[in-house]
Amino acid sequence: MSKLTAGTFEGTAPGHNGDITVALTTDGERITDLKLVKEQETPHVGDNAFKWLPEAIVKNQSVGVDAVSGASFTSHGIINATKKALEAAGGKVEDWDKHVPKPLVAAKDQTADVVIAGGGLTGLASAAFAAEKGLKVIVIEKNDQVGGSFRYAAGAFATCGSSQAEDNQVDDLVAWVKELNRHGAKKEMNYDFLHYLEENSGKAFDDLCQITGLKGQKIQDAPYKVLTPGPGALITERLEAYIKDHGGLILPDTVITKVLTDGSHAAGIMAKNASGSFKITAKYVIIATGGASAGHRDWLEKETPSLANVHVFNEANPANTGDGYGILKEAGADFYGHEYYKNAFLDFGWPLRIYYANVPDYSKAILVNADAKRFTNEAPFFVLNLTTALYYEGSPRYYLIYDAKTMDQDFRKKLDSQQEDPKVVVHAQTSEELAKKLSIDPEALAQTFADYQKACETGQDEFGKDQAHLEKFDGSEGYYGLYVMPGCWGTIGGVKINQEFQVEKTDGSYFDNLYALGEMSTSELFSDFYIAGFSLANYFTEAKLLAEKLDK
């Protein structure tokens with residue numbers, strides 16, 4: 001290995017939300033310490049990377065450690081900052097970059113009351129509530145940390161009947177959902193199922209707060225009330241600790257390979273990890289492995305052919321590859337036969353560091369496709385439905401255009417701090433200059449501007465934008481054009497279940513002790529688009545209701 005200069009040296013590299021700085025200490029021969037100096041990461045999401053990686057680097061005297069799954073941007077930020085610090089200490093990175101394998105998880109046959117495939121919100125909640133009843137629980141998780149997509153979430157629950165804070169009346173909430181679905185839904189959903197889950201969601205939410213030691217608070221009042229006990233990553237940590245404290249076992253870096261059934265009854269599962277294959281025998285089997293947003297775009301394009309040209313930005317866990325679908329299909333389960341992307345907010349170029357907590361208002365901007373034409377209402381009945389419109393439009397590129405003078409000026413300052421890039425943001429004084437920078441038709445964009453100005457003057461917009469959001473472009477200070485992508489938070493679809501959450505077989509009967517929860521089965525809970533706050537509330541309520549039915 002190359003010699004190092006004794007002392008403490010700092011290194012900085014980009015993380016998820018901004019730069020990460022570490023301080024590396026060396027005695028000239030070895031790395032003796034590695035500390036975090038500065039970071040801007042989302043609280044709790046990257047905590048395992050901050051906890052595990054510096055220790056692993058010092059222990060193994062190498063930056064060749066694997067990234068923490070679910071916190072890859074943070075992990076690479078720590079690793080790359082450490083490389084910079086090594087260089088500052090006079091070292092050659094290649095001399096300190098031997099690969100360090102992950103610790104192996106044992107592969108041995110085991111027995112449990114409940115085995116759960118998937119350690120996201122639904123799997124963890126099922127495990128926690130089952131453990132609370134004294135059941136022996138084993139959770140297998142594909143990643144090396146639990147939480148799944150929930151780890152990135154704001155923790156928003158659309159609940160009814162919670163004692164934690166004022167929330168929704170169930171009949172009013174379901175009526176609002178029905179009204180929303182009158183605005184462009186292409187498929188029906190099961191309102192009775194929704195009502196059943198929502199009327200039990202408040203009690204489930206209160207129980208969540210009790211076992212995690214967190215307090216619920218209201219974070220949204222309209223168009224419906226939303227409560228949260230904290231961000232998804234914090235709730236994940238509390239649920240994980242509760243499960244372990246109550247005798248539950250969590251096996252990371254492990255995948256389900258088969259459900260063991262005799263045709264109508266599940267006897268357990270087969271699982272596999274780097275150590276080998278093994279069997280878990282259990283009285284109850286729960287599949288909660290999430291959707292297929294990262295694994296089967298062909299399924300999604302079959303239902304929505306226009307997606308073939310669209311750049312969809314997947315915000316869900318990259319491990320959501322539809323594993324549970326294949327496992328249940330092999331076991332004889334029946335499926336709804338259609339999959340939709342679970343629409344999120346619009347996504348922006350990565351250098352802008354925009355995520356759910358700092359999404360800009362785009363209700364008064366205009367959205368154009370690669371042909372420089374508007375095609376939808378930028379201020380729809382529900383904000384997330386704008387993303388659904390992009391799915392169906394089918395353009396390879398989309399741009400959000402703001403008037404510089406009338407836009408939010410704090411957001412403008414953020415844009416001005418960026419280097420111009422047509423895949424991020426450009427600024428132009430005229431529509432013609434803007435079109436050239438974005439490589440779209442100047443004449444078509446000029447006509448789009450003219451049509452929009454006329455709509456603002458008359459209050460009549462061909463795409464239905466209301467007068468409150470029709471604001472003429474001033475143009476005196478130019479325009480900003482931002483590259484945007486339709487985001488997704490998972491998928492809608494999955495396996496058929498009944499209201500007992502039992503998996504339906506292709507012959508119409510049900511497995512008596514095989515269940516699918518959460519994003520494994522959502523087709524009846526949504527139409528072809530998602531409604532914010534409903535997935536967490538409904539998935540967690542499913543977990544609570546199922547746990548109440550299980551016994552030793």
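Remember, it's a predicted structure, so these values are computed and weren't measured experimentally.

A. Spatial organisation of the pairing of strand 1 (residues 7–14). Pairing of strand 1 with strand 2 (residues 19–26), which is carried by eight bridges, proceeds in the antiparallel orientation. Counted as the bridge partner of Glu-10 is Ala-23 from strand 2. Linking two consecutive strands that pair antiparallel, namely strand 1 and strand 2, is a turn of four residues.

B. Quick look at helix 2 (residues 72–88). With 17 residues, helix 2 extends 24 Å from end C-alpha to end C-alpha; this agrees with the ideal 24 Å at 1.5 Å per step. The set of residues buried in helix 2 consists of Thr-74, Ser-75, Gly-77, Ile-78, Ile-79, Ala-81, Thr-82, Ala-85 and Leu-86. Packed against the buried residues of helix 2 are strand 1, strand 2, strand 3 (31–38), helix 1 (47–60) and strand 4 (64–65). A positive phi of about 90 degrees marks Gly-90, the residue just after helix 2.

C. Expanded view of the packing of aromatic side chains. The final tally for this structure, using the stated rule, is 24 aromatic pairs. Measuring from ring centre to ring centre gives 5.5 Å for Tyr-355 and Tyr-356, while their planes differ by 80 degrees; the resulting arrangement is edge-to-face. Residue class for Tyr-355 comes out partly exposed when judged on its relative accessible area of 27%. Grouping aromatic residues by their ring pairs yields a cluster made of Trp-176, Tyr-224, Phe-381, Phe-382 and Phe-534. Positioned above the aromatic ring of Tyr-191, the side-chain terminus of Lys-178 is 5.3 Å from the ring centre.

D. Up close: the side chain of Gln-145. By secondary structure assignment, the location of Gln-145 is in the loop between strand 7 (137–140) and helix 4 (170–181). Judged by its relative accessible area of 4%, Gln-145 falls in the buried class. Those residues within four positions of Gln-145 in sequence are excluded, and the remaining contacts are Val-45, Asn-48, Trp-52, Val-68, Ser-69, Gly-70, Ala-71 and Arg-151.

E. Looking closely at the packing of helix 4 against helix 5 (residues 191–212). Taken N-terminus to C-terminus, the directions of helix 4 and helix 5 make an angle of 145 degrees; their axes are 10 Å apart at the nearest point. Between helix 4 and helix 5 lies a crossing of right-handed hand. Taking contact as the criterion, the partners of Val-170, Asp-171, Leu-173, Val-174, Val-177, Lys-178 and Asn-181 in helix 4 are, on helix 5, Tyr-191, Leu-194, His-195, Glu-198 and Glu-199. For the contact of helix 4 with helix 5, a count of residues per class yields six nonpolar, two polar and four charged.

F. Quick peek at the sheet that holds strand 2. Spatial ordering of the open sheet is given by 1-2-3, a layout of three strands whose pairing is antiparallel. Two strands bound the open sheet, and with one partner strand each, they are strand 1 and strand 3. The sheet shows a mean angle of 25 degrees between the axes of neighbouring strands, direction not considered. Its contacts with the sheet put helix 1 on strand 2 and strand 3, and the angle it makes with strand 3 is roughly 155 degrees. Here helix 2 sits on the sheet and contacts strand 1, strand 2 and strand 3; the angle it forms with strand 1, its principal contact strand, is near 140 degrees.

G. Examining the nonpolar core more closely. Core analysis: the biggest nonpolar cluster contains 99 residues, and Leu-328 and Phe-501 have the highest contact counts within it. The leading source of residues in this core is helix 5, at ten residues. Excluding its chain neighbours within four sequence positions, the residues that come into contact with Phe-501 are Phe-193, Tyr-196, Leu-197, Leu-514, Tyr-515, Ala-516, Leu-517, Glu-542, Leu-545 and Leu-546. Listed in part, the 30 residues of the second largest apolar core include Val-312, Ala-365, Val-424 and Tyr-480.

H. Highlighting the pattern of salt bridges. Evaluated as defined, the whole model comprises 27 salt bridges. Across the pair Lys-544 and Asp-207 runs a salt bridge whose closest N-O atoms are separated by 3.2 Å. Residue Lys-544 is found in helix 13 (residues 534–549), and its partner Asp-207 is found in helix 5; the two are separated by 337 residues along the sequence. A residue is classified by how much of its surface remains accessible, and Lys-544, at 11% relative accessible area, is buried. As a salt-bridge pair, Lys-342 and Glu-519 come within 3.3 Å of each other at their nearest N and O atoms. Residue Lys-342 is located in strand 15 (residues 340–348), and its partner Glu-519 is located in the loop between strand 21 (510–516) and helix 13; the two are separated by 177 residues in the primary sequence. Residue classification places Lys-342 among the buried positions, given a relative accessible area of 4%.

I. Broad picture of the environment of Asp-416. The topology assignment puts Asp-416 in helix 10 (residues 409–416). Taking relative accessible area as the criterion, Asp-416 reaches 48% and is therefore assigned partly exposed. Along the primary structure Asp-416 and Gly-7 are separated by 409 residues, whereas in three dimensions their C-alpha atoms are 39 Å apart.

What counts, and at which threshold
Throughout this description, residue numbers start from 1 for each chain and increase along the sequence as written. Reporting of local features is limited, given that this is a predicted model, to residues whose pLDDT is at least 70; pairs of side-chain atoms are given and counted only at 80 or more, and all residues count toward the totals for whole chains, interfaces and linings. Heavy atoms throughout the structure, all of them, feed into the side-chain values; hydrogens and water do not. When DSSP finds two or more bridges between a pair of strands, those strands are recorded as paired. Secondary structure elements follow DSSP: runs of H or I of four or more residues count as helices, runs of E of two or more count as strands, with numbering from the N terminus. To estimate how far a helix should extend, the number of its residues minus one is multiplied by 1.5 Å. We call a residue buried when its accessible area falls under 20% of the maximum for its residue type, exposed when it is over 50%, and partly exposed in between, using a 1.4 Å probe and counting protein chains only. We call two residues in contact when some of their heavy atoms are within 4.5 Å. Note on aromatic contacts: the rings of Phe and Tyr and the six-membered ring of Trp form a pair at centre separations within 6.5 Å, being stacked when their planes are under 30 degrees apart, edge-to-face when over 60 apart, and tilted otherwise. Two thresholds decide whether a charge sits over a ring: the Lys NZ or Arg CZ must be within 6 Å of the ring centre and within 35 degrees of the ring normal. Every axis in this analysis is a line fitted to C-alpha atoms, fitted for helices over the stretch in contact. Angles between the N-to-C directions lie between 0 and 180 degrees. Definitions for this section: a left-handed crossing has its near helix turned counterclockwise from the far helix by less than a right angle. A right-handed crossing has that turn clockwise. Three residue categories are used. Nonpolar comprises Ala, Val, Leu, Ile, Met, Phe, Trp, Tyr, Cys and Pro, charged comprises Asp, Glu, Lys and Arg, and polar comprises the others, including Gly. Side-chain atoms within 4.5 Å link the members of a nonpolar core, which is a set of buried Ala, Val, Leu, Ile, Met, Phe, Trp, Tyr and Cys residues. Here, a salt bridge means any side-chain nitrogen of Lys or Arg that lies within 4 Å of a carboxyl oxygen of Asp or Glu.

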